[in-house]
Amino acid sequence: MSGRKRKVEGEEEMSASPSSSPSMAPRTISQAPISRHTKRMRTNLHGRPLDLPRLLETLSPQDLRSLVRSICDRHPEIGAEVVSTAPKPTVASTLEVLSNYHKALDKSFPYGNDSRSEYAYNRVRQPLLELVDAIKDFTPHFLPPNETQIPNMFTYLDGATEAVHSIPEFSHYQHNRHKQEMYEELAKAWMLVIRDIARQGGGIRLLQLDGSDRTLLRHNEKSGGRFQEVLNELRAHVGWMAGNSGCSQGEQSIQDQLRNGTFGPGPA
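Rules behind the numbers
- Residues numbered from 1 in each chain as written.
- Predicted model: local features only at pLDDT ≥ 70, side-chain atom pairs only at ≥ 80, totals over all residues.
- Heavy atoms only, no water.
- Helix = DSSP H or I, 4+ residues; strand = E, 2+ residues; numbered from the N terminus.
- Buried < 20%, exposed > 50% of the residue type's maximum accessible area, 1.4 Å probe, protein only.
- Contact = heavy atoms within 4.5 Å.
- Areas by Shrake-Rupley, 256 points an atom, 1.4 Å probe, with all protein chains shown as cover.
- Core = buried A, V, L, I, M, F, W, Y, C linked by side-chain atoms within 4.5 Å.
- Polar contact = N/O pair within 3.5 Å; in protein donor to acceptor, adjacent residues only side chain to side chain.
- Phe/Tyr/Trp six-rings, centres within 6.5 Å; stacked < 30°, edge-to-face > 60°.
- Axes fitted to C-alpha atoms, helices over the stretch in contact; angles between N-to-C directions.
- Parallel < 35°, antiparallel > 145°, perpendicular 65-115°, else oblique.
- Nonpolar A, V, L, I, M, F, W, Y, C, P; charged D, E, K, R; others polar.
- Patch = residues over 30% accessible without salt bridge, like charges linked within 9 Å, V, L, I, M, F, W, Y side chains within 5 Å.
- Salt bridge = Lys/Arg side-chain N within 4 Å of Asp/Glu carboxyl O.
- pLDDT = per-residue confidence, 0-100.
- Arc of directions from axis to C-beta.
- Expected span 1.5 Å × (residues − 1).

### A closer look at the overall build of the protein
Consideration 1: Looking only at helices and strands, the protein has 12 helices and 0 strands in total.
Consideration 2: Moving toward the C terminus, one meets the helices and strands of the protein in the order α-α-α-α-α-α-α-α-α-α-α-α.
Consideration 3: Sorting the 268 residues of the protein into buried and exposed places 30% on the buried side.
Consideration 4: Residue pairs at least 24 apart in sequence account for 69% of intrachain contacts in the protein once pairs closer than 6 positions are excluded.
Consideration 5: Accessible area for the protein stands at about 18,500 Å²; split by element, carbon and sulfur atoms hold 54% of it.

Have a look at this one:
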């Protein structure tokens, strides 16, 4: 009996043991392998030229202009498309171009020499011609009928005429012919603009209200009288009223339109 009792007690102890309970069976914790997020090297890597957008990013403005000119020279149809789709040049951007040409002219003068001498002229001749050619090319763009806004016409002509004033005088008369020719070209441009504005009725009076007569007087004095005919043309339309600073309410309205760029016909 005692042996059987010990056996029963042993079985009871085993059944009461936590380790033998199904709900407390030992669990094994599995550890997932640590993944390393590393970029895989491209197996097809090889040298190749840049794509067009990246290539254009590396070009300087001068390189880009040269490239476009070269392509347009070889393919005139592309040149025509560029002309028709490119943004219209502004007065400010155009005068900045002329200013850059003039800076190049100033830098080309030799140091320590007479700036009016034959030697100085030979040194600056090329940048001088580039400035003159630029003025000749840009001026028609800001004349009617291509340009319709009076402020644009006069602001450009004012800046271009100042650029010609700044061209140095040389001792030899023949070397000054470029400057004299530009005065003649710009005088014709001023005349064309004034006559075109005169056909708009109140346009000439508007110019006087905005001080354009004084602008022309200044250019005439700085050029040694080369804009006298232009001044005479202006006076023929409105008379000389330089001392008259008053204006009516209607004239003031026209003056405001001039300054706002809304006078006259709109852009074509």
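### As for the nonpolar core
Consideration 1: Within the largest apolar cluster, 39 residues are counted, with the highest numbers of intra-cluster contacts made by Ile135, Phe154, Tyr156, Leu157, Leu186, Trp190 and Val230.
Consideration 2: Elements supplying a minimum of two residues to this core: helix H5 (91–107), helix H6 (118–138), helix H7 (150–165), helix H8 (177–198) and helix H11 (228–238).
Consideration 3: When residues in this core are grouped by element, the largest group, 10 residues, is from H8.
Consideration 4: Ile135 has contacts with Leu98, Tyr156, Ala160, Ala163, Val164, Met182 and Leu186, leaving out every residue within four places of it along the chain.

### Quick word on the side chain of Glu147
Consideration 1: Examined against the element boundaries, Glu147 turns out to sit in the loop between H6 and H7.
Consideration 2: Since its relative accessible area comes to 3%, Glu147 is described here as buried.
Consideration 3: Polar contacts involving the side chain of Glu147 include one to the main-chain amide nitrogen of Gln149, which spans 2.9 Å.
Consideration 4: Ignoring anything within four residues of it in the chain, the contact list for Glu147 reads Lys88, His141, Phe142, Asn152 and Met153.

### Notes on the side chain of Asn220
Consideration 1: In this fold, Asn220 is placed in helix H10 (residues 212–222).
Consideration 2: A distance of 3.5 Å separates a polar side-chain atom of Asn220 from the backbone nitrogen of Arg226.
Consideration 3: Within the structure, the side chain of Asn220 is placed 2.9 Å from the backbone nitrogen of Phe227, a separation counted as a polar contact.
Consideration 4: If sequence neighbours within four positions are ignored, Asn220 has contacts with Gly225, Arg226, Phe227, Gln228 and Leu231.

### Re the packing of aromatic side chains
Note on aromatic pairs: each is described by the distance of the centres and the angle between the planes.
Consideration 1: Tallying each qualifying case throughout the model produces 5 aromatic pairs.
Consideration 2: Relative to Tyr156, the ring of Phe142 has its centre 4.6 Å away and its plane inclined at 15 degrees; by these criteria the two rings are stacked. Here Phe142, found in the loop between H6 and H7, pairs with Tyr156, found in helix H7; they are 14 residues apart in sequence, far enough to count as distant. Each member of the pair, Phe142 as well as Tyr156, carries the same accessibility label: buried.
Consideration 3: Seen from their ring centres, Phe154 and Trp190 are 5.1 Å apart, and the 80 degrees between their planes marks the pair as edge-to-face. Residue Phe154 is found in helix H7, and its partner Trp190 is found in helix H8; the two are separated by 36 residues along the sequence.
Consideration 4: Here a set of aromatic residues connected by ring pairs shows up, and it is made of Phe109, Tyr121 and Phe170.

### Things to note about the packing of helix H3 (residues 61–74) against helix H4 (residues 76–85)
Consideration 1: Relative orientation of the contacting elements H3 and H4 amounts to 125 degrees, with a least axis distance of 5 Å. Taken as axis vectors, H3 and H4 run oblique relative to one another. Contacts from Ile71, Cys72, Asp73 and Arg74 of H3 reach H4 at Pro76, Ile78, Gly79 and Val82.
Consideration 2: Class assignment for the residues of the contact of H3 with H4 results in 5 nonpolar, 1 polar and 2 charged.

### With respect to a nonpolar patch on the surface
Consideration 1: Together, Leu50, Leu52, Leu55, Leu56, Leu64, Leu67, Val68, Ile78 and Val82 make up an exposed nonpolar region whose accessible area comes to about 700 Å².
Consideration 2: Elements supplying a minimum of two residues to the nonpolar patch: helix H2 (52–57), H3 and H4.
Consideration 3: Locating Leu56 in the fold gives a position in helix H2.

### Things to note about the confidence of the model for the protein
Consideration 1: Mean pLDDT for the protein: 80, with 69% of residues reaching 70 or above.
Consideration 2: Every residue in residues 240–255 scores below 50 in pLDDT, and together they form 20 contacts with partners more than four places removed in sequence or on other chains.
Consideration 3: With pLDDT under 50 throughout, residues 261–268 is counted as low confidence; its partners more than four residues away or in other chains account for 21 contacts.

### A short note on H10
Consideration 1: When H10 is considered as a whole, its buried residues turn out to be Ser212, Asp213, Thr215, Leu216, His219 and Asn220. The arc that holds every buried residue of H10, seen down its axis, measures 160 degrees, which confines them to one face.
Consideration 2: Gly224, located one to two residues past H10, shows a positive phi value of around 75 degrees.

### Focus on H5
Consideration 1: With 17 residues, H5 should reach 24 Å at 1.5 Å per residue; the first-to-last C-alpha distance of 24 Å fits that figure.
Consideration 2: Within the span of H5, buried status applies to Val91, Thr94, Leu98, His102 and Leu105. Looking straight down H5, one finds its buried side chains confined to an arc of 80 degrees; they lie on one side. Among the exposed residues of H5, those oriented more than 90 degrees off its buried face are Ala92, Glu96 and Lys107.
Consideration 3: In the core, the buried residues of H5 are packed alongside H6 and H7.

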